[in-house]
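Breakdown of the fold
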Amino acid sequence: WVSQQTRTTRFAVAVATEGIPLTVSREHSRAGRFISEPTKKASFRVYVAVVSSFQAHDPVAEAVARVTNARNAGIDRLRSQHRAAWADFWSRSFVQIPDDYVENLWYLNHYTMGSGSRGDYPPSFINGIWPPTRDSHAWNHNYHWNQQEIAWPGATAGHPELANGWLSMQHERL
């Protein structure tokens, strides 16, 4: 695991691997390295958890617990849970629109919101969770109306849970 303390928040990243012998070294508090023996073919799994002090009092312990639990559950169980969650998600939002382009936008937006709205905060209204500028976010402030607009359609589209991050963020401001 590695961790980083900013002025107000602590972040931890924990990694667990299986399937290939690795030498693990911590470069410093914010970087680690995994080294395997040279090989032409390898099969392995990497489990990663990222936790902040917004989510747990001890982010390192929580991140380590999450990757340990994931590895103990095994890839088959995790894959089954993942597929069941997405099957449930899509079963509540099926549409058929005569214009393929508009229909694809519907599904792309739902996938983006379904992928980015599971945490305590909403995804950024400007780039979601996949900004092309990496960690640089334009308009990095609470633009209330802009942020609210991505949460509004969820309820009418069969996904009121997509507003939970926005509602949680607003509740904290009270």
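The rules behind these values
- Residues numbered from 1 in each chain as written.
- Predicted model: local features only at pLDDT ≥ 70, side-chain atom pairs only at ≥ 80, totals over all residues.
- Heavy atoms only, no water.
- Helix = DSSP H or I, 4+ residues; strand = E, 2+ residues; numbered from the N terminus.
- Buried < 20%, exposed > 50% of the residue type's maximum accessible area, 1.4 Å probe, protein only.
- Contact = heavy atoms within 4.5 Å.
- Areas by Shrake-Rupley, 256 points an atom, 1.4 Å probe, with all protein chains shown as cover.
- Lys, Arg positive; Asp, Glu negative; His and termini not counted.
- Charge placed at Lys NZ, Arg CZ, Asp CG, Glu CD.
- Pairing = 2+ DSSP bridges.
- Axes fitted to C-alpha atoms, helices over the stretch in contact; angles between N-to-C directions.
- Core = buried A, V, L, I, M, F, W, Y, C linked by side-chain atoms within 4.5 Å.
- pLDDT = per-residue confidence, 0-100.
- Phe/Tyr/Trp six-rings, centres within 6.5 Å; stacked < 30°, edge-to-face > 60°.
- Lys NZ or Arg CZ within 6 Å of the ring centre and 35° of its normal.

Of the regular secondary structure elements, the protein chain holds 6 helices and 5 strands. Reading the protein chain from its N terminus to its C terminus gives the helix and strand order β-β-β-β-β-α-α-α-α-α-α. If one aligns the C-alpha atoms of the protein chain with their principal axes, the spans along those axes are about 55 × 40 × 30 Å. Here the protein chain, with 174 residues, has 26% of them falling under the buried criterion. When contacts within the protein chain are restricted to residue pairs at least 6 apart in sequence, those whose partners lie at least 24 apart make up 55%. Total accessible area computed for the protein chain in this model is approximately 12400 Å², and 54% of it derives from carbon and sulfur atoms. Side-chain charges in the protein chain split into 17 positive and 15 negative, and the spacing between the mean points of these groups amounts to 10 Å.

What follows is about the pairing of strand S1 (residues 2–5). As defined by bridge partners, S1 adjoins strand S2 (residues 10–18) across 4 bridges and the pair is classed as antiparallel. In the strand pairing of S2, Val-2 is matched with Val-13. Between S1 and S2, which pair antiparallel and follow one another directly, the connecting turn spans 4 residues.

What follows is about the sheet that holds S2. What the 3 strands build is an open sheet, ordered S1-S2-S5; its pairing is antiparallel. For this open sheet the edge positions go to S1 and strand S5 (45–52), each flanked by a neighbour on one side alone. Sheet twist, expressed as the average angle between the axes of neighbouring strands with direction ignored, equals 10°.

With that settled, consider the nonpolar core. Membership of the largest hydrophobic core is limited to 11 residues, which are Ala-12, Ala-14, Ala-16, Tyr-47, Ala-49, Val-51, Ala-56, Val-60, Ala-63, Val-67 and Ala-70. Only S2, S5 and helix H1 (59–73) provide two or more residues apiece to this core. With 4 residues, H1 is the single largest residue contributor to this core. The residues contacting Ala-63, other than those within four sequence positions of it, are Ala-12, Ala-14, Ala-49 and Val-51.

Put simply, the protein chain has an average pLDDT of 85, and 93% of its residues get 70 or more. No element of the protein chain has a lower mean pLDDT than helix H4 (residues 144–151), at 77, and none a higher one than H1, at 96.

Moving on, we get to the packing of aromatic side chains. Summed over all chains, the structure comprises 5 aromatic pairs. Between Trp-86 and Phe-89 the ring centres are 5.1 Å apart and the planes differ by 75°, which places this aromatic pair in the edge-to-face class. One end of the pair is Trp-86 and the other is Phe-89, both in helix H2 (residues 75–91) and 3 residues apart, which spans about a single turn. Judged by relative accessible area, Phe-89 falls into the buried class, the value being 6%. In this structure an aromatic cluster arises from ring pairing among Trp-86, Phe-89, Trp-90, Tyr-107 and Tyr-111. Over the ring of Trp-1 we find Arg-26; its NZ or CZ atom is 4.1 Å from the centre of that ring.

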